[in-house]
Amino acid sequence: MNVIQRPVFAIDFGTSLVKFGPVWRGRYPDITDNRGYFPKISKVSAEIRGIKAEEVVVGPEVSEYLESKADLSRLHYPMRNGVVERDDVRGWKVILKIIEYALRKYYPGPRTPEGEPFCGFFLVVALAAQSPVYMYERMFDIVKEVNSSFGGGLVKAVTIVPQPLAVAISEKAVTCTVIESGHGNTQITPISRDVIRSALIPLNRGGSDSDRITAQILKDLGYSDLAREEKFVKNFKEMVGLVPRELKSSIEWTKSHPGAVKSEFSIPGTTVKIDLGDKAWMRFLIGEYFFNPSHEVFQSYYIRGFTPPKDTVVGGEVIPGSVDLGDAVRIAISKTPIEIQPALLKRIILSGGAFNWKAPTGLEGIAVNSPEKLRILLKARGMDSSPAMIRDPQFSVWRGAIVYGTYIPEDLSWDWSSMEGWLYLE
Ligand SMILES: Nc1ncnc2c1ncn2[C@@H]1O[C@H](COP(=O)(O)OP(=O)(O)OP(=O)(O)O)[C@@H](O)[C@H]1O
Ligand SMILES: [Mg+2]
């Protein structure tokens, strides 16, 4: 079999979304929530209603179970900051079910859509770069279990790739710094061929932190009920949040130009209308918080009990959770050999949904996109660099994982010291 025809299947496990699918999906993966529902339903009642009594349900079927708000406590999201706790029994059940759901959905039968005989997928699982070894071991065990409960032939071999490395691969970058930021975590990852593990900084920061500040703002504006609905808050953040070029001057400009920055929003498909009144400038707090939660403006929030993102400890050093992203990049790169620092600084790649901010036309003077914001933060720390945003930032890890699976040699078997190669199942 030549390399192009290898049936690679990639799964990128995100804190909120799993991106998955075989190589023949082309540019875009399939997506499902990284969550499972543990129904209360009894076997008898399930049979009467004609549904299978599953211990845990994943995929689009979950919404069928979410009939009432009380049921939300039976929903389990297995990952925090990209990691599943070792003894989170429910969490691992959800991971198993999702892998099973994803693979079965695309099982092609005896031949692939390209007409090649199908003898099992080459499965690439993309995990956060800071994943502990037990995550690797569990993933391998789960894939074996899924394959044998299928009766074999679903997965031929499996490998695991760190998410930022997958991004570097999809960009064909050898020496670079990848910043992968999703819903739950931000991995600042210097890469020179492989991830430089001693320089990796996994921050407890992501889109979910922008959600928290958005909820607080909604509460302060008198929309407490809406602030409790997670999905609503997330959509509102994506629609309304802006990244300021420089927070204080962006706020001042907005205050002195009433009406220039939109303040009334109707939420599509609902009856909800939100009016920020003369507080349209608050839209900038949402974007700033993600890049720089240590800005003095947020002090008033912390005093009222709102908490900054949690600290991370790397190699015995405490990185404050509220560090600005420019400084975090400086710290990560400073941990690498001086010889490669210029190359790491020169090529900074932004990836992940949390960088998806847009600057509305007409507001370019005060609102910026993510690469420009990071450029400004780096400049403030004395570093010159023009970070670049990857295309389709939410799907770059999946795409890179497909490329990775296509090119690692079939005869390279999994090696625990280099953490690469294929683990064959049969
Ligand atoms: N246009 C947008 N503006 C702001 N945020 C956005 C936008 N689009 C997506 N996001 C945010 O991106 C996040 C999801 O990104 P992504 O799918 O990369 O995360 P994930 O892979 O589930 O999590 P992680 O990689 O942290 O484990 C969500 O918080 C979402 O609100
Ligand atoms: Mg992700």
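Residues numbered from 1 in each chain as written. Chains lettered and ligands numbered in written order. Predicted model: local features only at pLDDT ≥ 70, side-chain atom pairs only at ≥ 80, totals over all residues.

Draft legend 1. Highlighting the overall build of the chain. In terms of helices and strands, the chain carries 15 helices and 18 strands. In terms of overall size, the chain behaves like a compact globule, its C-alpha atoms giving a radius of gyration of 23 Å where 426 residues would be expected to give roughly 22 Å. Projected onto its principal axes, the C-alpha coordinates of the chain cover approximately 65 × 65 × 40 Å. Within the chain, the proportion of its 426 residues that are buried is 44%. Residue pairs in contact within the chain that sit at least 24 positions apart in sequence constitute 68% of those at least 6 positions apart. (Helix = DSSP H or I, 4+ residues; strand = E, 2+ residues; numbered from the N terminus. Rg over C-alpha atoms; globule rule 2.2 N^0.38 Å. Buried ≥ 20, exposed ≤ 12 C-beta atoms within 10 Å, placed from the backbone. Contact = placed C-beta atoms within 7 Å.)

Draft legend 2. The nonpolar core, seen in detail. Grouped together as the largest cluster of nonpolar side chains are 109 residues, with contacts concentrated most on Ala10, Ile99, Ala126 and Ala401. Those residues in contact with Ile99 that lie beyond four places of it in its chain are Ile11, Ile142, Val143 and Val146. (Core = buried A, V, L, I, M, F, W, Y, C linked by C-beta atoms within 7 Å.)

Draft legend 3. Structural context of the site of ligand 1. Taken together, 21 residues sit near ligand 1, with Gly14, Thr15, Gly182, Gly207 and Gly353 positioned nearest. Elements with a contribution of two residues or more to the shell around ligand 1: helix 6 (207–220) and helix 8 (230–240). Grouping the constituent residues of the shell around ligand 1 by class yields three nonpolar, 16 polar and two charged. (Near = placed C-beta within 6 Å. Nonpolar A, V, L, I, M, F, W, Y, C, P; charged D, E, K, R; others polar.)

Draft legend 4. Representation of the domain arrangement of the chain within the structure. Parsing the chain into structural domains produces domain 1 (37–76) and domain 2 (201–389). Here domain 1 and domain 2 have C-alpha centroids that lie 37 Å from each other. (Domains from an automatic or database assignment.)

Draft legend 5. Representation of the sheet that holds strand 1 (residues 8–13). If you walk across this open sheet you meet the six strands as 3-2-1-6-7-18, and the pairing is mixed. In the strand order of this sheet, the two ends are held by strand 3 (30–33) and strand 18 (423–424), each with one partner. As judged from the five bridges shared by strand 1 and strand 6 (residues 121–127), these two strands associate in the parallel manner. Residue Val8 lies in a different strand from strand 6, and its bridge partner there is Phe122. Along the sheet, helix 3 (residues 89–105) makes contact with strand 1, strand 2 (17–22), strand 3, strand 6 and strand 7 (155–162), crossing strand 1 at roughly 145°. Sheet strands in contact with helix 15 (residues 396–407) are strand 1, strand 2, strand 6 and strand 7, and its direction is about 145° off that of strand 1. (Pairing = 2+ DSSP bridges. Axes fitted to C-alpha atoms, helices over the stretch in contact; angles between N-to-C directions.)

Draft legend 6. Inspection of helix 8 at higher detail. Taken together, the buried positions of helix 8 are occupied by Phe232, Val233, Phe236, Lys237 and Val240. The buried side chains of helix 8 occupy one side of the element, clustering within an arc of 135° when seen end-on. The outward face of helix 8, more than 90 degrees from its buried face, is lined by the exposed residues Glu230, Lys231 and Met239. Each element contacted by the buried residues of helix 8 is listed here: helix 6, helix 7 (224–227), strand 12 (264–266) and helix 10 (283–291). (Arc of directions from axis to C-beta.)

Draft legend 7. Region of interest: the packing of helix 6 against helix 8. Helix 8 packs onto helix 6 with a crossing angle of 95° between their chain directions and a minimal axis gap of 9 Å. Judged on the interaxial angle alone, helix 8 and helix 6 are roughly perpendicular. Note on element contacts: helix 8 touches helix 6 through Val233, Lys234, Phe236 and Lys237, opposite Ser210, Asp211, Thr214, Ala215 and Leu218. In the contact of helix 6 with helix 8, the residues fall into four nonpolar, two polar and three charged. (Parallel < 35°, antiparallel > 145°, perpendicular 65-115°, else oblique.)

Draft legend 8. Structural view of the packing of helix 6 against helix 10. Closest axis-to-axis distance for the helix 6/helix 10 pair is 9 Å, and the angle between their directions is 145°. Helix 10 is crossed by helix 6, and the crossing has right-handed handedness. Along the contact surface, helix 6 presents Asp209, Ser210, Ile213, Thr214 and Ile217, while helix 10 presents Leu285, Ile286, Tyr289 and Phe290. Broken down by class, the residue content of the contact of helix 6 with helix 10 amounts to six nonpolar, two polar and one charged. (Left-handed = near helix turned anticlockwise from the far one by under 90°.)

Draft legend 9. Examining the environment of Glu238 more closely. As for its placement among the helices and strands, Glu238 is situated in helix 8. Measuring from C-alpha to C-alpha, the distance between Glu238 and Gly207 comes to 9.4 Å, with 31 residues separating the pair along the chain.

Draft legend 10. How the structure looks around helix 10. Among the nine residues that make up helix 10, nine are buried, leaving the element largely enclosed by the rest of the structure. Where helix 10 is concerned, the buried positions are Arg283, Phe284, Leu285, Ile286, Gly287, Glu288, Tyr289, Phe290 and Phe291. Here the buried face of helix 10 lies against helix 6, helix 8, helix 9 (247–256), helix 12 (325–334) and helix 14 (370–380).

Draft legend 11. Region of the structure containing unusual backbone geometry. For Arg193, which is not glycine, the phi torsion reads 65° and is therefore positive. With respect to the secondary-structure elements, Arg193 resides in the loop between strand 9 (186–192) and strand 10 (194–195). Note on Arg193: 9 C-beta atoms within 10 Å, which makes it exposed.

Draft legend 12. Quick look at the pairing of strand 7. Within strand 7, eight of the eight residues are buried, leaving the element largely enclosed by the surrounding structure. Bridge analysis of strand 6 against strand 7 gives seven bridges, and the strand direction is parallel. Bridging from a neighbouring strand, Phe122 pairs with Ala157 of strand 7. After leaving strand 6, the chain enters helix 4 (residues 133–150) and then returns to the sheet as strand 7, a path that is right-handed. (Right-handed = clockwise from strand over helix to strand, strands pointing away.)

Draft legend 13. Structural context of the environment of Asp415. Structurally, Asp415 is set in the loop between helix 15 and strand 18. Other than its neighbours up to four places away in sequence, Asp415 contacts Glu420 and Gly421.

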